[in-house]
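Examining the three-dimensional arrangement
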Amino acid sequence: MSQQPVLLPYADPAFVADPFPLYRQLRDDGPVRRAVIAGGLEVWLVTRYEDGIAALSDPRLSSDVRDASDPRLMQQLPTTERESVLRNMLRADPPDHTRLRRLVSKAFTARRVAELRPRVQAITDRLLDAIVPVGRADLVEDFALPVPVTVISELLGVPVADRHDFQRWTDDMILRGAEPPDPARVDAAWRQMRSYLTRLLEAKRARPGDDLLSELITTRDEEHRLDEDELIAMAFLLLAAGYITTVNLIGSGIAALLAHPDQLQMLQEDPALLPGAIEEFLRYDGPVSPGIARFAREDVSIAGVAIPRGATVLVASAIADRDPARFSEPDRLDVTRQDNAHLAFGHGIHYCLGAPLARLEGQVAIGTALRRLPHLALAVPPGELQWRPGGLRGPERLPVTFTSGGPN
């Protein structure tokens, strides 16, 4: 394995549009590769499926960025109140992670998520009602984005009028590109987000509603299990994580189908294939790329490669999910694929809590769009489709045409 880190060229539009040839080369070169990712951060990429499973289960690899030796990782957080930002289950390890996850897990059980299907369907239909008569749309801005934003807002109890604000603040804090984040912009966004969440939680204490934030307040106030910083950090995490990756799942899934007309036709003719197709979209071109960060608490060895304490380990799910040792013909989109245990939602104790909700939203949104937008096609040449640079992958815009007045 080369000791020289390889640069992932996020400034190169060709790489951003299709990183998989380089990903394939990195996996072929070895199971662990040093690399420089967006923002100039050096990481150790774990490129193969079985090694990724092992790494995500290894307690020596922490989710807490404070275990990282590279100071730039902390600099990506707000300079004020960094500790409060970190007090959420995504960045916590046991026992704090166990306690925090237990508090919200009941909101994302399969049964409770299934109960949301009629509402997700109604939101999807309303958005498509506005699109169908026009005959063309941007399926990111007009559809893939507002579906999960509306769903998570209603689940948490965020007022309709405030949704564009929290979406903008989240974008400033999280949606990274090829360049390092602007600290002043991150700080300003966090101050506004924290101020907003503080006021929102105060209002819900005065008048609790039938929503998850009201439930979390009750848990904190009566059982003393969430302090104020934890409550605000949890609210922010649920708002942000509750929509960002699902936007990319819907957008990338539809883009993949438009690039593979045979798979699109197969899915249109047999909607029963949709649940499996969602798993295939997640494996084939998942919403996080290259993968999931962990930080070495101590010197560790992964696949025989020595990794020093404090190093950032990136379990490259986008690379591992095309590992030919695990998936047959991994570079082929196949909506009928079976045994599709991808890593797009992670693995182990940090497996994505919102996975059932993301799957539901993906099934309803993509399935309904395929039914209601006949003759769906890209409105631009495939090479002109723009993709997000950085760690969250999906189309920036998805301009399409279709036959107006499709079936309801």
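Everything below is about the structure shown above.
Now for a description of the structure that goes with this document. (Residues numbered from 1 in each chain as written. Predicted model: local features only at pLDDT ≥ 70, side-chain atom pairs only at ≥ 80, totals over all residues. Heavy atoms only, no water.)

Points about the overall build of the protein
Basically, it comes down to this: Put simply, DSSP marks the helices as runs of H or I at least four residues long and the strands as runs of E at least two long, and each gets a number from the N terminus on. C-alpha atoms define the radius of gyration in this analysis, and the globule rule sets the expected value at 2.2 Å times the number of residues to the power 0.38. Three labels apply to residues, based on accessible area from a 1.4 Å probe with only protein chains included: buried if under 20% of the type maximum, exposed if over 50%, partly exposed otherwise in between.
If you tally the helices and strands in the protein, you get 19 helices and eleven strands. On C-alpha atoms alone, the protein measures out to a radius of gyration of 21 Å, which is about the 22 Å that the 2.2 N^0.38 rule sets for 408 residues. If one aligns the C-alpha atoms of the protein with their principal axes, the spans along those axes are about 60 × 60 × 40 Å. Looking at the protein residue by residue over its 408 residues, the buried ones come to 55%.

Quick notes on unusual backbone geometry
For the bond running from Pro94 to Pro95, omega is 5 degrees, close enough to zero to count as cis. Positionally, Pro95 belongs in the loop between α5 (82-85) and α6 (96-105). Geometrically, the link from Ser289 to Pro290 is a cis peptide bond, its omega value of 5 degrees lying close to zero. The topology assignment puts Pro290 in the loop between α17 (274-284) and β6 (292-296). With a phi close to 45 degrees, Glu329 is a non-glycine residue in the positive phi region. Position of Glu329 relative to the elements: it lies in the loop between α18 (317-320) and α19 (355-372). At His375, a position not held by glycine, the phi torsion is positive, near 55 degrees. Assignment of secondary structure puts His375 in the loop between α19 and β10 (377-378).

Structural notes on the packing of aromatic side chains
Rules: To pair, rings of Phe, Tyr and Trp, with the six-membered ring standing in for Trp, must have centres within 6.5 Å; the planes then decide the type, stacked if under 30 degrees apart, edge-to-face if over 60, and tilted in the middle. We call a charge positioned above a ring when the Lys NZ or Arg CZ atom is no farther than 6 Å from the ring centre and deviates by at most 35 degrees from the ring normal.
With the rule as written, the count across this model stands at eight aromatic pairs. With 5.6 Å between their ring centres and 80 degrees between their planes, Trp190 and Phe236 make a pair best called edge-to-face. Note that Trp190 is positioned in helix α12 (residues 183-206) and Phe236 in helix α14 (residues 228-241), a separation of 46 residues in sequence. Classification of Phe236 by relative accessible area gives buried; the value is 8%. Among the aromatic residues, those joined into a ring-pair cluster are Tyr10, Phe15, Phe20 and Tyr23. Directly above the ring of Phe327 sits Arg283, whose terminal nitrogen or CZ lies 5.5 Å from the centroid. It is Arg322 that lies over the ring of Phe20; its NZ or CZ is 3.6 Å from the centre.

Some words on the side chain of Thr47
This is how it is decided: Polar contacts, as counted here, are pairs of nitrogen or oxygen atoms within 3.5 Å of one another; within protein the pair requires one atom able to donate a hydrogen and one able to accept it, and residues that are adjacent in sequence qualify only if both atoms are side-chain atoms. Residue contacts are defined here by distance: any two heavy atoms, one from each residue, within 4.5 Å place the two residues in contact.
Structurally, Thr47 can be placed in the loop between β3 (42-46) and α3 (49-56). In terms of polar contacts, Thr47 uses its side chain to reach the backbone carbonyl oxygen of Gly30, at 2.9 Å. Beyond its immediate sequence surroundings of up to four residues, Thr47 is in contact with Leu26, Arg27, Gly30, Pro31, Val32, Ile319 and Ala320.

Points about α12
Here is the rule we go by: A helix's residues, less one, multiplied by 1.5 Å, set its expected span.
Its 24 residues give α12 an end-to-end C-alpha distance of 35 Å, which sits within 8% of 34 Å, the value for a rise of 1.5 Å per residue. Along α12, the residues classified as buried are Val186, Asp187, Ala189, Trp190, Met193, Arg194, Tyr196, Leu197, Leu200, Leu201 and Lys204.

Focus on the sheet that holds β3
Two pairing modes exist for strands in a sheet, parallel and antiparallel, and in both the strands are linked by backbone hydrogen bonds. As a reminder of what qualifies: Being paired, for any two strands, means DSSP has found at least two bridges between them. Axis lines are fitted through C-alpha atoms, for helices just across the contact stretch, and the angle between N-to-C directions can take any value from 0 to 180 degrees.
Reading across the sheet, the six strands line up as β1-β2-β3-β9-β6-β4 and stay open at both edges, with mixed pairing between neighbours. Strands at the two margins of the open sheet, each flanked by one partner only, are β1 (6-7) and β4 (61-62). As defined by bridge partners, β4 adjoins β6 across two bridges and the pair is classed as antiparallel. From the neighbouring strand, Ser62 faces β6, where its bridge partner is Phe295. Packed onto the sheet, α3 meets β3, β4, β6 and β9 (312-315) and runs at close to 130 degrees relative to β9.

Section: the environment of Gly276
Checked against the element boundaries, Gly276 lands in helix α17. When the C-alpha positions of Gly276 and Leu116 are compared, they lie 20 Å apart, and in sequence the two are 160 residues distant.

Topic: the pattern of salt bridges
What counts here: Salt bridge, as used here: a side-chain nitrogen of Lys or Arg that lies within 4 Å of a carboxyl oxygen of Asp or Glu.
Under the counting rule described, the total for this entry stands at 28 salt bridges. Between Arg297 and Asp67 there is a salt bridge; the shortest N-O distance is 3.7 Å. Highlighted residues: Arg297 in the loop between β6 and β7 (300-302) and Asp67 in the loop between β4 and α4 (71-75), separated in sequence by 230 residues. One salt bridge in this structure joins Arg332 and Glu329, with 3.4 Å as the shortest N-O distance. Among the charged side chains, a network of salt bridges with common partners joins Arg24, Arg322 and Asp331.

A look at the sheet that holds strand β11 (residues 399-401)
As summarised here, the arrangement of the three strands in space is β5-β11-β10, forming an open sheet in which the pairing is antiparallel. This sheet does not close on itself; its edge strands, each paired only once, are β5 (136-138) and β10. Pairing between β5 and β11: three bridges, direction antiparallel. Each bridged residue has a counterpart across the sheet, and for Ala137 the counterpart in β11 is Val400.

These figures capture arrangement, not role.
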